[in-house]
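Fold and contact review
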Amino acid sequence: MAVPVTSEFCLSCVPRCTQGIMGIHGLTSYVEENRHFLSDVKLRDTQLVIDGCSLYFNLYFTSGLDQQRGGDYDAFAAHVRHFFSALFSCGVRPFVLLDGGMDESDRKFPTLRQRAQRSIKEADALSHGAHGAVLPLLVREVFKQVLSELAVPLYQCVSEADLEVAALAGQWGCPVLTNDSDFFIFDLRGGYLPIRFFHWEGVDAGGDRRYIPARRYAVNRFCSHFSHMSKRLLPLFAVVAGNDYTPARTTQDFFSRAGLAAAPGRRIDALLRWFSRFRGPEEALEEVLELLAGRRGGQKAAGLRSLLTRGMLDYQLPPHSPLSRFFAEGPSTPPERQGLPAALASQPDWLLRGLAAGTLPSLVQDVLVLRRTMMIPQVENGRLPSGHRASLAIRQVFYGLLLQGPRGSPAGRGRGRGPQRETSSSNSAPCAVEEYDRQDLDLRRTSVDIKLPKTAAQLHLKHLDRVPLPGRLQVLLDTLGVEEQALGAVPAWLALPVCVTIFWVRNAKPRATPTQMQALLLGFTYGEMNRRRCLAGDPVSSRPGVASLLGRLDKMRVTVGERRNLDRGLIHTFSQWQSCMWAGLCVNQLLCRPLHEPHCAWLFSGTLLHGVELLLRQGTRPESLLAGDALPAQLYSCLLDAVLRALGEESTPSSSSASSSSRNVHGGRTRPRGRGRGRGRGSRGPRAAATSDLENRFALLMSEEDEDEE
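One structure accompanies this document, and this report is about it. (Residues numbered from 1 in each chain as written. Predicted model: local features only at pLDDT ≥ 70, side-chain atom pairs only at ≥ 80, totals over all residues. Heavy atoms only, no water.)

**So, the overall build of the chain**
- In terms of helices and strands, the chain carries 26 helices and 12 strands.
- A buried classification covers 59% of the 710 residues belonging to the chain.
- For the chain, restricting intrachain contacts to residue pairs at least 6 apart in sequence, the fraction spanning at least 24 positions comes to 77%.
- Only carbon and sulfur atoms are counted for the fraction: they give 49% of the accessible area of the chain, which is about 28000 Å². (Helix = DSSP H or I, 4+ residues; strand = E, 2+ residues; numbered from the N terminus. Buried < 20%, exposed > 50% of the residue type's maximum accessible area, 1.4 Å probe, protein only. Contact = heavy atoms within 4.5 Å. Areas by Shrake-Rupley, 256 points an atom, 1.4 Å probe, with all protein chains shown as cover.)

**Brief notes about the environment of Gly619**
- In this structure, Gly619 sits in the loop between helix 23 (606-617) and helix 24 (622-625).
- On the accessibility criterion, Gly619 (33% relative accessible area) is partly exposed.
- When the C-alpha atoms of Gly619 and Thr515 are compared, they prove to be 9.6 Å apart, with 104 residues separating the residues in sequence.

**Here we look at helix 9 (residues 248-258)**
- Inspection of helix 9 places Thr250, Thr251, Asp253, Phe254 and Phe255 among the buried residues, and these make up the whole buried set.
- Remark: Gly259 follows helix 9 within two positions and exhibits a positive phi of approximately 70°.

**Description of the pairing of strand 9 (residues 432-439)**
- When strand 8 (residues 372-374) meets strand 9, the two strands line up parallel, connected through 3 bridges. The residue bridging Met374 from the neighbouring strand is Tyr436, located in strand 9.
- As judged from the 8 bridges shared by strand 9 and strand 10 (residues 442-449), these two strands associate in the antiparallel manner. Counterpart to Glu434 in the pairing with strand 10 is Ser447. (Pairing = 2+ DSSP bridges.)

**Concerning the side chain of Arg215**
- Take Arg215: it is sitting in strand 7 (residues 212-217).
- Polar contacts involving the side chain of Arg215 include one to the main-chain carbonyl oxygen of Leu38, which spans 3.3 Å.
- There is a polar contact of 3.0 Å between the side chain of Arg215 and the side chain of Asp40. (Polar contact = N/O pair within 3.5 Å; in protein donor to acceptor, adjacent residues only side chain to side chain.)

**Looking at the pattern of salt bridges**
- All chains considered together, the criterion is met by 34 salt bridges.
- For the salt bridge of Arg395 with Glu435, the shortest nitrogen-to-oxygen distance reads 2.7 Å. Of this pair, Arg395 sits in helix 17 (residues 392-403) while Glu435 sits in strand 9, placing them 40 residues apart in sequence. As far as burial versus exposure is concerned, Arg395 and Glu435 are alike and both buried.
- Residue Asp538 pairs with Arg532 through a salt bridge whose shortest N-O separation is 3.0 Å.
- Residue class for Asp538 comes out buried when judged on its relative accessible area of 13%. (Salt bridge = Lys/Arg side-chain N within 4 Å of Asp/Glu carboxyl O.)

**Examining the sheet that holds strand 8**
- Sheet architecture is open: 3 strands sit in the order 8-9-10, paired in mixed fashion. Edge positions in the open sheet fall to strand 8 and strand 10, since each of these has one partner strand only. Between one strand axis and the next, the sheet turns through 25° on average, direction left out of account.
- With respect to the sheet, helix 17 is in contact with strand 8, strand 9 and strand 10, its orientation differing from that of strand 9 by roughly 150°. (Axes fitted to C-alpha atoms, helices over the stretch in contact; angles between N-to-C directions.)

**Some details on the packing of aromatic side chains**
- Counted under the stated rule, the structure contains 35 aromatic pairs.
- Both rings, one in Tyr73 and one in Phe604, keep their centres 6.3 Å apart while their planes meet at 55°; by these two values the pair is tilted. Placement of the pair is Tyr73 in helix 3 (residues 73-89) and Phe604 in the loop between helix 22 (568-590) and helix 23, with a sequence separation of 531 residues.
- Taken together through their ring pairs, the aromatic side chains of Tyr30, Phe37, Phe183, Phe184, Phe186, Tyr192, Tyr217, Phe222, Phe226 and Tyr315 make up a single cluster.
- Above the plane of the ring of Phe255 lies Arg267, whose end atom (NZ or CZ) is 3.9 Å from the centre.
- The residue whose ring lies beneath Arg372 is Phe109, and the NZ or CZ to ring-centre distance is 3.9 Å. (Phe/Tyr/Trp six-rings, centres within 6.5 Å; stacked < 30°, edge-to-face > 60°. Lys NZ or Arg CZ within 6 Å of the ring centre and 35° of its normal.)

**Thoughts on unusual backbone geometry**
- The omega torsion of the bond from Lys509 to Pro510 falls at 0°, within 30 degrees of zero and hence cis.
- Along the chain, Pro510 turns up in the loop between helix 19 (495-507) and helix 20 (514-533).
- Within the chain, Arg593 stands out as a residue other than glycine whose phi angle is a positive 55°.
- You can see Arg593 is positioned in the loop between helix 22 and helix 23.
- We classify Arg593 as partly exposed; its relative accessible area is 31%.

**Things to note about the packing of helix 8 (residues 234-241) against helix 9**
- Running from N to C, helix 8 and helix 9 point in directions that differ by 100°, and their axes come no closer than 8 Å. By the angle class used here, helix 8 and helix 9 are roughly perpendicular. Touching Val239, Val240 and Ala241 of helix 8 are Thr251, Phe254 and Phe255, all from helix 9.
- Tallied by class, residues from the contact of helix 8 with helix 9 come to 5 nonpolar, 1 polar and no charged. (Parallel < 35°, antiparallel > 145°, perpendicular 65-115°, else oblique. Nonpolar A, V, L, I, M, F, W, Y, C, P; charged D, E, K, R; others polar.)

**Some remarks on the environment of Cys586**
- Among the structural elements, Cys586 can be located in helix 22.
- Along the backbone, Cys586 and Leu360 are 226 residues apart, and their C-alpha atoms lie at a distance of 7.3 Å.
- Not counting the four nearest positions on each side in its chain, Cys586 is found in contact with Pro361, Leu363 and Phe398.

**With respect to helix 2 (residues 52-62)**
- Judged by how many residues are buried, helix 2 sits mostly within the fold: 9 of 11 residues are covered.
- The secondary structure elements touched by the buried residues of helix 2 are strand 2 (46-51), helix 3, strand 3 (92-98), helix 5 (139-149) and strand 5 (176-178).
- Count one or two residues on from helix 2 and you reach Gly64, which has phi positive near 65°.

**Topic: the environment of Gln634**
- Relative to the helices and strands, Gln634 is located in helix 25 (residues 630-646).
- Through-space distance from the C-alpha of Gln634 to that of Thr525 is 9.4 Å; in sequence the pair is 109 residues apart.

**Some words on the nonpolar core**
- Grouped together as the largest cluster of nonpolar side chains are 150 residues, with contacts concentrated most on Phe84, Phe198 and Leu351.
- Sorting elements by how many residues they give to this core places helix 22 first, with 11 residues.
- Excluding residues within four positions of it along the chain, Phe84 makes contact with Ile50, Leu55, Pro94, Val96, Phe143, Leu147, Leu150 and Val152. (Core = buried A, V, L, I, M, F, W, Y, C linked by side-chain atoms within 4.5 Å.)

**Quick word on the packing of helix 20 against helix 23**
- Contact geometry for helix 20 and helix 23: axes closest at 9 Å, N-to-C directions at 130°. Classified by the angle between their axes, helix 20 and helix 23 sit oblique to one another. The chirality of how helix 20 crosses helix 23 is right-handed. On helix 23, the residues touching Thr515, Gln516, Gln518, Ala519, Leu520, Leu522, Gly523 and Tyr526 of helix 20 are Leu608, Leu609, Val612, Glu613, Leu616 and Arg617.
- Class assignment for the residues of the contact of helix 20 with helix 23 results in 8 nonpolar, 4 polar and 2 charged. (Left-handed = near helix turned anticlockwise from the far one by under 90°.)

Written out as structure tokens, the structure is:
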């Protein structure tokens, strides 16, 4: 597998959260400019607590992987394996903690909305060939799967992981690896290792003992540079400087009234020297309140005191971390309910264990606790509806399984169709979830009603793990509109992606074209062959023809970072598939995996699929791309048969022919796939003279689908 990189990568293109701007505004830049605050270390033979979200953001963006075309998950997975291999080679024992759902208090929700809005703008910039930074949708799933494969201990927190990470590292006395500036405040014995100075790719032999060169931050060293300022002042400093919870106006008012430097590069230094005058936080707090509220105090002072005091408590570490027991005993540990939001504390053990182990998505917590979700922005055509619209019917079932009791859900019909897709009804009021998603280039809120297939009417979340497999499988298949027999001989690892692809073909708007569907199936074939080549003893590893054709396919990738000829229509259609895949994974996980969990790293590679789809559109036949070994061609044919069978017609040998047209078929009429301006020149390649049998069949099937909808 070729791992594409780009020479155009620069640190300024990395998202704010990966550069440490999450947390205390300006503090990371200040420390990086004053490196005497850091000391050199040779990391080896130690435990290491890792902020997982900070790590996967950093690994993806600093490796220069594709963002514009949906991401290259195969290359990302290889990069993650390389990272942890470096740790293992130095005797470093990693423990990874991931952020969970949104905070029940909603204190950070305004910040989350601002970040989502910024991501929408950056995604649109990327789709036009400009710079930006947007994490591909399935990166988190790929990261978790690689950790599982490597047996790296993982814990998914209830909300933000900061306090849990600091508490565990504090109890163990080991360092923390992250890029969050809040860790400049925590007083940790093992110190804080900023990811930017963690040179894991430069492992040094160091004689007989290997180590990772890194730089460590320690609170005592930092405070010594400010007249040995009391480290108890740092939490108040963080709140006043402005973090994710402090209103920007409060910070602005303080700097103005205190007469401190207005220049961003000098504000942090000036504020630290201002705080160093005080013996402790009690004295400093009174001075801050006097500056902000005046000597009279009153209600304004009381409100500010509450805000600042609560903010300081966010940095107070508990004496013991319950995660020490979790990592000692494993995921089978009885769930810790103390301190959980009430809506989570009342949930069954199996669900809480799944959340803690990361085998259930954090979206579960958002739905149960807040009845609110935030759709992750993707790079797509901003002039078209959000790609997440395509997966709406899947998400409605996901919400229904979480919120619906055994009596059934309100009557209704979802967008997806399939056996028994109609929902059951009850006399109860409709239950809805508040979704935040892109509308044009703005973040908007909509209310989404829950819907369930009839086969799910008697399911209850409490006992969902004990429902027999056939019942859970039928709910999943009904959600995706697929008959079980349509899957035929599809390999178990690819059953869910094939079902999702069938759902996507029916629900994508603008419609998917035959070449887009073929490119996805060729991508599945490429991924499955690569996956099997990595398995010890698998006969695929000894077939030279397979290795040769995989190498040929790798050469068909478009160049990472290539900003010309972006096909926004293709980008948008594949963003819809990714949304459907993500939602399908969520439902499958919640139903305790009635279908095998696919290896997400091998499902989608944007640079490969864009290159292959262009060739198909220009008239190249799939068989010619798979020449050299019969096994990949047989797998591709099996996948194509399953899709066409589910769409309503058995395939024939000629139906595996490539489409020679780039036209989109809808209702028996042809129209361009892209809308408006923005289609790259790559969407106007030469076309073959004749329309293939597959396109005729595909058009007929989609025409019948449209007539059913009407």
